[in-house]
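Descriptive analysis of the structure
This is what each chain is made of:
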Amino acid sequence: MSATILIVDDSATMRALVRRALEADAHAVVEAAHGGAALAALGSTTVDLVITDVLMPEMDGLALTRRLRDDARFRSLPILVLTTEATPAVKERGRAAGATGWIVKPFHPDTLRRTVQQALAERA
Amino acid sequence: MIHPTEILLHVGGVHASAEPVVIKTLLGSCVAVCLWDPRVLVGGMNHFLLPEGGPNGPQDEATRFGVHAMDRLVGEMLKLGASPARFVVKVFGGASVLAMPGPAAAVPHKNLEFVRGYLAREGLRVAATSVGGTLPRQIQFFTASGKVLVRRLVTPRAQARLAEEEAAQRRARARFGDVTFFRGGRA
């Protein structure tokens, strides 16, 4: 199942790494450098799934997740958090914000691809 | 004079601090990047072994590797209120210590090539470097002032020990993060 996926990460290098993994499964990839840019991208492009970093200079990934869940259009959009943050307390904040899943960096490309497929398959 | 706390960084390590500390590390072919935000006086350093892709091929990526080491360092700096727009960037290491066998010989060069490419892609300008050559370096980064002291290790024993340690690290398997699915939706 190929899909259109929005990658939100302040690092161009990390976006390229994620893009490379996803394009191997023939997904189309849209990029944004922070939460604000992601909201703008979602206003003009229909995406099937969002992968977001947490720590970003402008609107962070959890604030972005909350904004999307407050918008009826994005209530069931799968949102995967991809972050170096690994403590149970931060993960709990991710769950409370409405994230679908949490992937801890460093990620294995195959794990990322499998997790994306699972999130797409379980989509409401 | 009050001596600030010293933190010793090993391969794969990342440390950032808003307190005045000295972050120390020992580099052979490895690379360490120091980031400093002069406005909020936050400084951080990483220490990585390989640019990306380990002994098990290009799929074998982990914190020890440059991309993730840089990602973690920038993340830790952001958490402490630093801003990438103000980063003062210094790069150290990438020495060809002793005779490195086979493909390992290319590691120092690859590390430096990676870090230059990474910093250019992220729009980060390098303020100072001490890279290349054949001698290992001891680095001391003072997070209060952003200053870095570099000392070259000239004794053959210290060089041999460091080269062996780095070779062992290169052979080690990469560790990856885990995945959690949240069931039951938003709290």
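Below is a summary of the structure that appears in this document. Here the structure is a predicted model, which means the values were calculated and not measured. Residue indices begin from 1 for each chain and proceed along its sequence in written order. All chains are assigned letters beginning at A, and all ligands numbers beginning at 1, according to the order in which they are written. The model is predicted, so local features are restricted to residues of pLDDT at least 70 and side-chain atom pairs to those at 80 or more, both for listing and for counting; the totals for chains, interfaces and linings are taken over all residues. Side-chain descriptors were evaluated using all non-hydrogen atoms of the structure, hydrogens and water having been removed beforehand.

**Digging into the overall build of chain A**
In plain terms, the rule: A run of H or I in DSSP counts as a helix once it spans at least four residues, and a run of E counts as a strand once it spans at least two, with each numbered from the N terminus. In this description the radius of gyration comes from C-alpha coordinates, and the expected globular size is given by 2.2 Å times residues to the power 0.38.
Helix and strand counts for chain A come out as 5 helices and 5 strands. Scanning chain A from its N terminus toward the C terminus, one meets helices and strands in the order β-α-β-α-β-α-β-α-β-α. The C-alpha atoms of chain A give 13 Å as radius of gyration, which agrees with the globular expectation for 124 residues (14 Å, within 12%). C-alpha extents for chain A along the principal axes are approximately 30 × 30 × 30 Å.

**Quick look at the sheet that holds strand β10 (residues 179–181) of chain B**
Hydrogen bonds between backbone atoms are what pair the strands of a sheet, whose relative direction is either parallel or antiparallel. Keep this limit in mind: When DSSP finds at least two bridges between two strands, those strands are taken to pair. To obtain each axis, a line is fitted to C-alpha atoms, and for helices this fit is confined to the stretch in contact; angles are then taken between N-to-C directions over 0 to 180 degrees.
Spatial ordering of the open sheet is given by β2(A)-β1(A)-β3(A)-β4(A)-β5(A)-β10(B), a layout of 6 strands whose pairing is mixed. Looking along the sheet, the strands with just one partner apiece sit at the ends: β2 (28–32) of chain A together with β10 of chain B. For this sheet, the mean angle separating the axes of adjacent strands, direction not counted, is 20°. In this structure, strand β1 (residues 4–8) of chain A lies alongside strand β3 (residues 49–52) of chain A, joined through 4 bridges in parallel fashion. Bridged to A:Ile5 within β3(A) is A:Leu49.

**Quick look at the state of the cysteines**
All names here are of chain B. Note the following rule: Two cysteine sulfurs form a disulfide in these notes if their separation is within 2.5 Å. Relative accessible area decides the class of each residue, using a 1.4 Å probe on protein chains only: under 20% of the type maximum gives buried, over 50% gives exposed, and in between gives partly exposed.
Per the counting criterion, the structure on display carries 0 disulfides over all chains. Cys34 supplies the cysteine sulfur nearest to Cys30, a cysteine that is in no disulfide, at a spacing of 14 Å. Assessed through its relative accessible area of 1%, Cys34 is described here as buried.

**Comments concerning the packing of aromatic side chains**
To keep it simple, the criterion reads: The aromatic pairing rule takes the rings of Phe, Tyr and Trp, using the six-membered ring of Trp, and pairs them if the centres are within 6.5 Å, calling planes under 30 degrees apart stacked, those over 60 edge-to-face and the rest tilted.
Considering all chains together, one arrives at 3 aromatic pairs over all chains under this definition. Each ring, one from A:Trp102 and one from B:Phe182, has its centre 6.4 Å from the other, and the planes form 70°; the classification is edge-to-face. Taken together, the residues A:Trp102 in strand β5 (residues 101–104) and B:Phe182 in the segment after β10 connect one chain to another. Judged on exposure class, the residue A:Trp102 and its partner B:Phe182 are both buried. Measuring from centroid to centroid gives 5.8 Å for B:Phe114 and B:Tyr118, while their planes differ by 40°, and the two rings are tilted. Here the residue B:Phe114 and the residue B:Tyr118 both occupy positions in helix α2 (residues 107–121), the gap between them amounting to 4 residues, near one helical turn. The pair B:Phe114 / B:Tyr118 is uniform in exposure class, with both members buried.

**Some thoughts on helix α2 (residues 35–44) of chain A**
Residue and element names in this part refer to chain A. Just so we agree on the cut-off: The arc refers to the directions leading from the helix axis to the C-beta atoms. Any two residues whose heavy atoms approach within 4.5 Å at even a single point are treated as in contact.
Residues of α2 that are buried: Gly35, Ala38, Ala41 and Leu42. Seen along its axis, α2 keeps its buried residues to an arc of 115°; they face one direction. Opposite the buried face of α2, by more than 90 degrees, sit the exposed residues Ala40, Gly43 and Ser44. If you follow the buried residues of α2, they end up packed against β1, β2, β3 and α3 (61–69).

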